[in-house]
Structures are given as structure tokens and as C-alpha cells.
Amino acid sequence: MNYDQPLPIPEALQARMDATPQNPRYHREGSVLAHTQYVVTQFLAHRHQFELTEEETQILYWVAVLHDIGKVVTTIQENGRHRSPGHERASLAFAQEILLQLDEIGSDTRRRILDLVRWHGLPLRFANASAPIDVVKQLGTRTDLRLLGIFVWCDFMGRDCDDKPRVMAIMNEFKDKIAPRAEFEFGRYADLQAAAASWNLRHHNAVWNAYKFSDTKLMEKLVHAPQTTDLETRGQRVTIVFGPPSAGKSAWITQNHPERFRVSLHDHEFTSSMQGNEYLIARKLIELKHLMRVYLNRHQHVILESRDLPENIRLRLAESMRDMPVRLDYVIMETTLAEMQARNLRSELPMTDAALEAAYHAMDVYHPWEAHHMEYVRSAVD
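All of the points below concern the structure found in this document. Position numbers for residues count from 1 along each chain, tracking the sequence in the order it is written. For a predicted model such as this one, the threshold for reporting local features is a pLDDT of at least 70, and the threshold for listing and counting side-chain atom pairs is 80 or more; totals across whole chains, interfaces and linings nevertheless cover every residue. Hydrogens and waters are ignored; side-chain quantities use all the structure's heavy atoms.

Brief notes about the overall build of the protein
Now for step 1: The number of helices and strands found in the protein is 18 helices and seven strands.
Now for step 2: Taken along the three principal axes of its C-alpha coordinates, the protein extends 65 × 50 × 40 Å.
Now for step 3: Each of the 382 residues in the protein was classed as buried or not, and the buried ones make up 55%.
Now for step 4: Residue pairs at least 24 apart in sequence account for 78% of intrachain contacts in the protein once pairs closer than 6 positions are excluded.
Now for step 5: Each accessible area value is a Shrake-Rupley result obtained with a 1.4 Å probe; residue values ignore everything except the protein chains displayed when judging cover. Counting only carbon and sulfur atoms, one obtains 51% of the accessible surface of the protein, whose full area is about 17700 Å². Labels follow the DSSP assignment, with helices taken as runs of H or I lasting at least four residues and strands as runs of E lasting at least two, numbered in each case from the N terminus. Throughout this description, buried means an accessible area under 20% of the type-specific maximum (1.4 Å probe, protein chains only), exposed means over 50%, and partly exposed covers the range between. Only heavy atoms matter for contacts: two residues are in contact if any of them lie within 4.5 Å across the pair.

This is the structure in C-alpha cells:
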């Protein structure tokens, strides 16, 4: 076992990973750092057997490096055992911080890495829950199942655990049977994304509604069905610009859409504090929808500026815009914590460092079909 594999991440972060223990029942190899080095070693040793392209090799290498990095903030001790609930999502901000500093990794590749980091825990949960294959098909709309199968196999090869024969059998089953079956019956990730890019608004809305209600059979029919006549929107369009505080949203809007009418969702009290208050969420959505009808009749294209919202609120906001109906675009600002901190210092109302860091680490991934068009924009370094 090689636990000395060099990792291209900051030494301070590696020290935190080395100081983060794991349950020896599942990780006798030791700390999070030891496990990560072991997984990277296994991937490098076995990558040639999978017929990977250069980009796929790059993607899986970085997934191996970054997949458990969030354990440094999620690991707890419970009943004498260490657990790391939610570490997949917590890994995203650390991973993005590192990937954004690498010029050789483009936006699309970066998203594919982050999606695999986010969902790498699902195959084992899928097997342990004896879930239907429809769950995997739905996941295949947002991440590459073939690459996921290869990675989770490498992930468990990089473990020394009590039940390794059982879990390796599960990973082989997912890699060799379940993921290929889901792709054969429903479609490969790349093909699904190419199809989605060609859908008109009515077709896109129909597929998204089927996804929202987990109606995989209907999704399969719609994905491969001919399109209907386009939805009449009278040329109206809503662009929502997402990103954490001090992510450069306002500067991007001013530079790219100086003539557009813009609305701050924060000024309309769309914030994370709404979470759990169903009455307030519903009331604010109704108020905004009425205002948007007026704004769109006057301006045709409206820009909404928003800090990142909890997923359930964001999805309901998107659904409200789709129902109007209008073309819905997302622009998602990509920035590092250091860049946010620098902008925050120049703000008239700066946030505390703790609040800013918490906002950055609250990030999650977006489903690629959540809006009619999605664009990831690297914040300008200023």
C-alpha cells in the first residue's frame, strides 16, 4: 500500500486531511490523506484498463484527489466512531478553490469533476437501499455514469476495510452492469446533454417536470420523442445570475448587460433565512411573479441577481419563471474564496470573514437541465 503518493493540493490542507481520522472498520489505511493517496495510487495503476480519453483521465485523477477533502470539516465522533456525513457536498468548495487556479482545466471539465465528487457516494447507498435502477437513470442526467462506475471502483480499491470483498462486488456490479444498463436504456451522459441543448422551451419544460416528479418512464419517452411547436414566450426572457456574496455578479451584469432592467432578489427578501418558512416562501414567490409580469411587459428581458439560495427555494423560483412562461437562463459565477475576500474588503457593507467563508462553503452543484440555458462564468480578477 502506497500512502506517499504526492498530491497537488496545498500543504496546509494536506495537513488537515492527515489530522482527520476515519473509522478503522471502513478505513484501516488511516487518515483522509492516507486514503486519498491510496485511491490516487490505485487509479494511476489501473487507469489503462478502462480505455479513457485524455480528458477522462484528467477528470478521474482530480476526482480521486478531491473526492473526500470535505471530511476535514464534516468528520464527527459519534458513539466512539468517526463519521463524515455530508462530506461529498462539503468537498465541493475546497475542490472548486483548487480547480479554479488551474488554467489547464476548462469550465466544462471542472463541472464534470465537481459533479462526480458530489455524487460519488450514491452507488453504495443505491446498493444498500436496494433502490430501483430509475434512481441511477435520473443520476445519469447530471453526471457521467461510466466515469462514476470507474471512480467508485478505484475508491474502494483504495480502502482497507472489514467487508472489502462485499463492497468490491457491489462496485463491480455498478461499474459493469448497472451503469451500462442505465446508459443503454436511457442514454449516455454526453448524448443526453446534447439532446437537451436542442430542445425548445416546451419540450425542455416537459422533460424537467418528468424529472421533478421522478417519472423516469415519461422522461425516457420525452428525451427520444420529436419536439412539439415551440412555447410562445413573446420573446420574454429572465436571466438569473447566481453566486455567493462578493462573487462579482454586479460587475458582470454591468459589463455584459448594462442596458437591461435588473432586480436584486436580496432586496425582495429572497435569502437563505427563508428556509423552513413555507408561508413566507410562497408569499414572496407570488409577489415576485406579479412584479415580473409587469417588468417583462415593459422590458422583455429582466436580469435577476441572487446570492446562492437553498436548492428547494431556487427550484421553486425557477418553476415560477417557467410557468409564466419565459425563457429561463442561469449565469453561475465561479470564484475563489480569496477573490471573494478581496472584493469584500472594498464593499461598503463588508461581511465578517466567518460569514463570507460560510457562504462560500454552502455551494452545491446545479442540475444541467434546471434552466433552459446555463452558463458558468469565471469571475474577473480585479
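Regarding the environment of Leu-122
Now for step 1: Note on placement: Leu-122 falls in helix α7 (residues 122–128).
Now for step 2: Distance in space between the C-alpha atoms of Leu-122 and Ala-371 is 24 Å, their sequence separation being 249 residues.
Now for step 3: Those residues in contact with Leu-122 that sit more than four places away from it in its chain are Val-135 and Leu-139.

A look at the sheet that holds strand β6 (residues 327–334)
Now for step 1: Two strands make a pair as long as DSSP finds a minimum of two bridges between them. As summarised here, the arrangement of the five strands in space is β4-β5-β3-β6-β7, forming an open sheet in which the pairing is parallel. The open sheet has two edge strands, β4 (261–264) and β7 (373–378), and neither has a second partner. Averaged over all pairs of adjacent strands, the angle between their axes in this sheet comes to 20 degrees, without regard to strand direction.
Now for step 2: Sheet topology places β4 next to strand β5 (residues 301–307); four bridges connect them, and they run parallel. Residue pairing across strands places Val-263 opposite Leu-304, the latter belonging to β5.
Now for step 3: For every element, the axis is a line fit to its C-alpha atoms; helices are fit only across the contacting stretch, and the angle between N-to-C directions ranges from 0 to 180 degrees. Set on the sheet, helix α14 (residues 249–256) makes contact with β3 (237–243), β4, β5, β6 and β7; between it and β5 the angle comes to about 165 degrees.
Now for step 4: Sheet strands in contact with helix α15 (residues 278–299) are β3, β4 and β5, and its direction is about 135 degrees off that of β5.

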